[in-house]
Amino acid sequence: MKDWEALRSECMSCQNCGLAETRTNVVFGEGNQEAEVMFIGEGPGEQEDRTGRPFVGRGGKLLDEMLGMIGLDRTKIYIANMVKCRPPKNRDPLPAEQEACIGYLRNQVALIRPKIIVCLGRVAAVKLIRSDFKITKEHGQWVEKAGVHMTAIYHPAALLRDPSKRPDTFADLKAIQARIQEICDHTY
Ligand code: URA
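Rules behind the numbers
Residues numbered from 1 in each chain as written. Predicted model: local features only at pLDDT ≥ 70, side-chain atom pairs only at ≥ 80, totals over all residues. Heavy atoms only, no water. 1 Å grid on protein atoms, 1.4 Å probe; cavity = no way out; pocket = protein on both sides within 12 Å on 5 of 7 lines; lining within 4 Å. Points joined across faces, edges and corners; volume = space filled by probe spheres on them. Helix = DSSP H or I, 4+ residues; strand = E, 2+ residues; numbered from the N terminus. Nonpolar A, V, L, I, M, F, W, Y, C, P; charged D, E, K, R; others polar. Near = heavy atom within 4 Å. Polar contact = N/O pair within 3.5 Å; in protein donor to acceptor, adjacent residues only side chain to side chain. Areas by Shrake-Rupley, 256 points an atom, 1.4 Å probe, with all protein chains shown as cover. Sits in = over half its atoms within 2 Å of the grid points. Expected span 1.5 Å × (residues − 1). Buried < 20%, exposed > 50% of the residue type's maximum accessible area, 1.4 Å probe, protein only. Arc of directions from axis to C-beta. Phe/Tyr/Trp six-rings, centres within 6.5 Å; stacked < 30°, edge-to-face > 60°. UniProt positions renumbered as here; feature names shortened; annotations may be inferred. Bend = angle between axes of the 7 residues up to and from the residue. Contact = heavy atoms within 4.5 Å.

**Looking at the layout of surface pockets**
Gaps between atoms show up when a probe of the same size as a water molecule is rolled over them. Considering only enclosed or pocket space, the largest pocket measures out at about 760 Å³ in volume. Elements supplying a minimum of two residues to the lining of the largest pocket: helix 3 (46-51), helix 4 (58-69), helix 6 (122-128), helix 7 (135-138) and helix 8 (156-161). With four residues, helix 8 is the largest single contributor of residues to the lining of the largest pocket. Taken together, the residues of the lining of the largest pocket break down into ten nonpolar, eleven polar and nine charged. Counted as a void, the second largest pocket has a volume near 220 Å³. Among the elements of the structure, helix 5 (95-112), helix 6 and strand 6 (148-153) are those that each provide at least two residues to the lining of the second largest pocket. Examining the composition of the lining of the second largest pocket, we find that four residues originate from one element, helix 5, more than from any other. Residues that form the lining of the second largest pocket fall into these classes: nine nonpolar, no polar and three charged.

**Let's talk about the site of the ligand**
Residues in close proximity to the ligand include Gly41, Glu42, Gly43, Glu48, Pro54, Phe55, Asn81 and His155, which together make up its full environment. In this structure, a nitrogen atom belonging to the ligand sits 3.0 Å away from a main-chain N or O atom of glycine 43. At a separation of 2.8 Å, a nitrogen atom of the ligand approaches a polar side-chain atom of asparagine 81. Coverage of the ligand by the protein amounts to 91% of the 240 Å² it exposes when considered alone. If you map the ligand onto the pockets, it falls in the largest pocket. Counted by class, the shell around the ligand contains two nonpolar, four polar and two charged residues.

**Things to note about helix 4**
Between its first and last C-alpha atoms helix 4 spans 17 Å; for twelve residues at 1.5 Å apiece the expected length is 16 Å, and the two agree. Residues Gly59, Gly60, Leu62, Leu63, Met66 and Leu67 constitute the buried set of helix 4. When helix 4 is viewed along its axis, its buried side chains cluster within an angular range of 160° and face the same direction. Exposed residues pointing more than 90 degrees away from the buried face of helix 4 are listed as Arg58 and Lys61.

**Quick notes on the packing of aromatic side chains**
What the rule picks out here adds up to two aromatic pairs. Geometrically, the ring pair formed by tryptophan 4 and phenylalanine 28 is edge-to-face, given 6.1 Å between the ring centres and 80° between the ring planes. Of this pair, tryptophan 4 sits in helix 1 (residues 4-12) while phenylalanine 28 sits in the loop between helix 2 (19-22) and strand 1 (30-31), placing them 24 residues apart in sequence. Residue phenylalanine 28 is classed as buried on the basis of its relative accessible area, which comes to 2%. Judged by centre distance (5.5 Å) and plane angle (35°), the rings of tryptophan 4 and tyrosine 78 are tilted. Here tryptophan 4 is found in helix 1, whereas its partner tyrosine 78 is found in strand 3 (residues 78-81), with 74 residues between them in sequence. No difference in accessibility class separates tryptophan 4 from tyrosine 78, as the two residues are buried.

**Some points on the UniProt feature "domain: Uracil-DNA glycosylase-like" (unreviewed entry) in the protein**
The sites that carry the UniProt feature "domain: Uracil-DNA glycosylase-like" (unreviewed entry) are, in the present numbering, residues 28-174. As annotated, residues 28-174 has a helix share of 42% and a strand share of 18%, and its two end C-alpha atoms lie 28 Å apart.

**Things to note about helix 5**
Taking 1.5 Å per residue as the helical rise, helix 5 with its 18 residues ought to reach 26 Å, and the 25 Å between its terminal C-alpha atoms agrees with that figure. Where helix 5 bends most, the angle comes to about 40°, and this point is cysteine 101. The complete set of buried residues in helix 5 reads Glu97, Gln98, Cys101, Ile102, Tyr104, Leu105, Asn107, Gln108 and Ile112. Residues of helix 5 that are buried sit in contact with helix 1, helix 2, strand 2 (37-41), strand 3 and helix 6. Positive backbone phi, at 50°, marks arginine 113, one or two positions downstream of helix 5.

Next comes the structure, spelled out in structure tokens:
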């Protein structure tokens, strides 16, 4: 396991997969390194690739609003992605790309030791919770893995495409808030 500095510097010059050829910036992740709650998205989009920061586009604005609904903001959590470089035309990251990148995320999780991991969307849930995870049916459900409480909610981009998913997500967010109050120590 690497410390933050070593991990970031390795990640910033990564050539482990083909996404290195087309990226503008690596999006390492950001937030509170002492966070008890981690949110994990899929991969950088156009704005993220341009700025090097996670969730700064339209989906990011919505994510900020979702966090606000349950008393969270970016200073209290850590936000990372399954892949650190933008897949061309925002396609889903390929299994090989995710595999090439997952070591960075595992190291981030090992450094942070979160109590709760929230997967944003299907891609993160399939890789981190269960390979046959069905986001439409199983969003908001909880599993415990190696002592970490894990759940998945719809990706903000899915909520932008289909607002009818928002009430379900609001309920899932409230359950996340309740779980935080139950098991987290920080005052959120
Ligand atoms: N979508 C993601 O999954 N992650 C980001 O950082 C931005 C958009």
